Amino acid sequence: MATAPFHVYDTTLRDGAQQEGMNLSVADKLAIAPLLDELGVGFIEGGWPGAIPKDTEFFRRAAKEIELRHAVLAAFGSTRKAGTRAWDDPQVRALLDSEAPVVTLVAKSDVRHVERALRTTPDEGIAMIRDTVEFLVGEGRRVVVDAEHFFDGYRYDAGYTRSAVVAAFEAGAEVVALCDTNGGMLPSWVGDVVTELRESLGMAHGRDALPGDPLLGMHAHNDSGCAIANTLAAVDAGCAHVQGTVNGYGERTGNVDLVAVVANLALKSGIRTLPGDGLAESTRIAHAVAEITNIAPHARQPYVGASAFAHKAGLHASAIKVDPDLYQHIDPTAVGNDMRMLVSDMAGRASIELKGRELGFDLAGQGELLTRVTTRVKDAEAQGYTFDAADASFELILREELTGDRPHYFRIESWRAIVETSGGRSGGTPNADRRDAEALAEATVKLHAGGERIVVTGEGNGPVNALDQALRHALTRVYPQIEKFDLVDFKVRILDAEHGTDATTRVLVETTDGQHTWSTVGVGPNIIEAAWEALIDAHVYGLVHAGVDPR
């Protein structure tokens, strides 16, 4: 007999958008929604129409501009106000006007919130849930009820909280999502409460539910660091509907990371959560969503982070060379990620060999070469270099050891950079001591390329930017491919801070050609020299991978 499908409900566009520093436009939401659909979630909560104007606009445009293959849109809102009728409440009417097929109602299930926040009676709190659900179901909407503060409320007054859930189901809700709104629960607490509630209601375990049966769901926040574990505990106790956000976005410490939840359920528990190849695309989709939100992906994020399957220590590398599964809990390709070897002073010859293979070089059986590269890497890192985040610089070292030299695209004759202040931004008399004085940078680069001597001056908002502009303009005459190169990130670290302004500096530069991104490293007695070395490596690496021959 067929069982009810497991529900994956995404609330990135609504609950995730409450994260500090995140401000999604309507265009952003319209761009993210198809990615969530591609992932394969069953529900996409688009926002709160009627309460937030741009969410009203999102639903209006989404109906015309996006076509969803797997998901349905859900409009979020609250139950009717106390003392009114559901059909007269303008916020409830706005949920209907959104034309979303699913409506998710936030309902107070903690009697303390009913009495202190809503300032009404417990009986009226229950009536607000029942009346609103009945009205929306009568209007042809599927209804999900988010039982706000459920777990805290259950631990305080289980009788009232249970009554709120019963009222929602009796009125026609197909799901009641149990919310750990404050994010303070622990997995054992969640499991015990869900089991007790489900058994008291006479509900089947989620894995045994039949199509059309009402379902319990879980909505977890991460304030105790247990959102993923709490969600898995709820599913184990009988929930068959999980809510969360891509990349764990959300207010305070965030919502549960929905990708990590579905990956755990699918790969560890054998629960089918996403259709097709959605799980295998999860890394790409998580990063694409991060680009739209303009929040950098967390490298150590489970499953989809850049460091999720990155290995550094030599002992690990030796074992991975024999069998990668010895140090990986899953095959990274199952979530669209990949194993990476980090090259550092902890690396042995096995690490270098595996990293070379990752970069396309077969170093098997070349013991002398591996020893040279390993020694060179360890010596360099003793001086302050790091290659675990600078694959491009490491590859150039590897090419030098393989061929005896690196490609000579150009020869630097000299370079210089100067910074001066030219007056206040507010238009006052030039004065270097003024806080509003505008600093201007100018750099001159002299080099030889393509059989000619080239001298170029560049300007920028700082010396590194000016040097980058001058180098780029000088080389573009001979290598037009460099026009596509763009410096997209720049990180500085002081290595021996006790030396103050005389400290050694490390710079990491990230460059892109619009299709690929690479990172290079430089170390020097100051930021400018360190950055210059990283810039040189970035241009050489980019030209090598563009297939350009030296001229």
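Residues numbered from 1 in each chain as written. Predicted model: local features only at pLDDT ≥ 70, side-chain atom pairs only at ≥ 80, totals over all residues. Heavy atoms only, no water.

Caption draft 1: Expanded view of the overall build of the protein. Within the protein, the regular secondary structure consists of 17 helices and 16 strands. Oriented by its inertia axes, the alpha-carbon framework of the protein measures out at about 85 × 65 × 50 Å. Burial status across the protein gives 51% buried among its 551 residues. Summing over all exposed atoms, the protein offers an accessible surface of approximately 24500 Å²; the carbon and sulfur share of this is 48%. A distance of 2 Å separates the average location of the 52 positive side-chain charges in the protein from that of its 79 negative side-chain charges. (Helix = DSSP H or I, 4+ residues; strand = E, 2+ residues; numbered from the N terminus. Buried < 20%, exposed > 50% of the residue type's maximum accessible area, 1.4 Å probe, protein only. Areas by Shrake-Rupley, 256 points an atom, 1.4 Å probe, with all protein chains shown as cover. Lys, Arg positive; Asp, Glu negative; His and termini not counted. Charge placed at Lys NZ, Arg CZ, Asp CG, Glu CD.)

Caption draft 2: Local environment of the environment of Val521. For Val521, the position within the fold is in strand E16 (residues 517-524). C-alpha of Val521 to C-alpha of Ala260: the two residues are 261 residues apart in sequence and 32 Å apart in space. Look past the residues within four positions of Val521 in its chain and what remains in contact with it is Tyr385, Thr386, Phe387, Ala390, Ser393, Arg506, Val507, Leu508, Glu533, Ala534 and Asp537. (Contact = heavy atoms within 4.5 Å.)

Caption draft 3: Geometry of the sheet that holds E16. Pairing is antiparallel across the open sheet formed by three strands, whose spatial order is E14-E15-E16. Every interior strand has two partners, whereas the edge strands, strand E14 (486-494) and E16, have only one. Neighbour-to-neighbour, the strand axes of this sheet turn through a mean angle of 20 degrees, independent of strand direction. Direction of pairing for E14 relative to strand E15 (residues 505-512): antiparallel, over a ladder of eight bridges. Each bridged residue has a counterpart across the sheet, and for Phe490 the counterpart in E15 is Val509. (Pairing = 2+ DSSP bridges. Axes fitted to C-alpha atoms, helices over the stretch in contact; angles between N-to-C directions.)

Caption draft 4: Molecular detail of the pattern of salt bridges. Inspection of every chain in the model, using the stated rule, returns 25 salt bridges. Across the salt bridge formed by Arg112 and Asp110, the nearest N and O atoms sit 2.8 Å from each other. The buried category is assigned to Asp110, whose relative accessible area is 1%. Between Arg252 and Glu251 there is a salt bridge, with its nearest N and O atoms 3.7 Å apart. Of the residues examined, Glu251 reaches a relative accessible area of 28% and is grouped as partly exposed. Connected through salt bridges with shared partners, the residues Glu368, Arg372, Arg376, Glu400, Glu401, Arg406 and Asp537 form a single ionic network. (Salt bridge = Lys/Arg side-chain N within 4 Å of Asp/Glu carboxyl O.)

Caption draft 5: Inspection of the packing of helix H7 (residues 158-170) against helix H8 (residues 187-201) at higher detail. For the pair H7 and H8, interaxial distance at closest approach is 11 Å and the crossing angle is 50 degrees. By the criterion of interaxial angle, the relationship of H7 to H8 is oblique. Remark: the crossing between H7 and H8 carries right-handed chirality. Contacts between H7 and H8 involve Arg162, Val165, Val166 and Phe169 on the former and, on the latter, Glu196, Leu197, Ser200 and Leu201. (Parallel < 35°, antiparallel > 145°, perpendicular 65-115°, else oblique. Left-handed = near helix turned anticlockwise from the far one by under 90°.)

Caption draft 6: Summary view of empty space enclosed by the protein. For the coordinates displayed, the defined rule picks out three cavities of 30 Å³ or more. Empty space within the largest cavity amounts to approximately 40 Å³. Asp468, Arg472, Phe485, Asp486, Leu487, Thr511, Leu535, Ala538 and His539 together form the lining of the largest cavity. Mapped onto the lining of the largest cavity, the elements with two or more residues apiece are helix H16 (463-476), E14 and helix H17 (527-545). In terms of residue count, H17 provides more of the lining of the largest cavity than any other element does, three residues in total. Class assignment for the residues of the lining of the largest cavity results in four nonpolar, two polar and three charged. (1 Å grid on protein atoms, 1.4 Å probe; cavity = no way out; pocket = protein on both sides within 12 Å on 5 of 7 lines; lining within 4 Å. Points joined across faces, edges and corners; volume = space filled by probe spheres on them. Nonpolar A, V, L, I, M, F, W, Y, C, P; charged D, E, K, R; others polar.)

Caption draft 7: Spotlight on the pairing of E15. Among the eight residues of E15, seven are classified as buried, and the element is accordingly described as predominantly covered. Linking E15 to E16, which pair antiparallel, is a turn of four residues; within it Gly514 sits at a positive phi near 95 degrees.

Caption draft 8: Quick look at a nonpolar patch on the surface. Among the surface-exposed residues, Phe490, Val492, Ile494 and Ile527 lie close enough to one another that they form a single nonpolar patch of about 290 Å² accessible area. Relative to the elements of secondary structure, Ile527 occurs in helix H17. Judged by its relative accessible area of 36%, Ile527 is partly exposed. (Patch = residues over 30% accessible without salt bridge, like charges linked within 9 Å, V, L, I, M, F, W, Y side chains within 5 Å.)

Caption draft 9: Expanded view of helix H14 (residues 367-382). For H14, built from 16 residues, the straight-helix expectation of 22 Å at 1.5 Å per residue is met to within 8% by its first-to-last C-alpha distance of 23 Å. Each element contacted by the buried residues of H14 is listed here: helix H13 (349-358) and helix H15 (391-403). Trailing H14 by a residue or two, Gly384 shows a phi angle of about 120 degrees, which is positive. (Expected span 1.5 Å × (residues − 1).)

It is worth stressing that arrangement in space is one thing and function is another; only the former is reported here.
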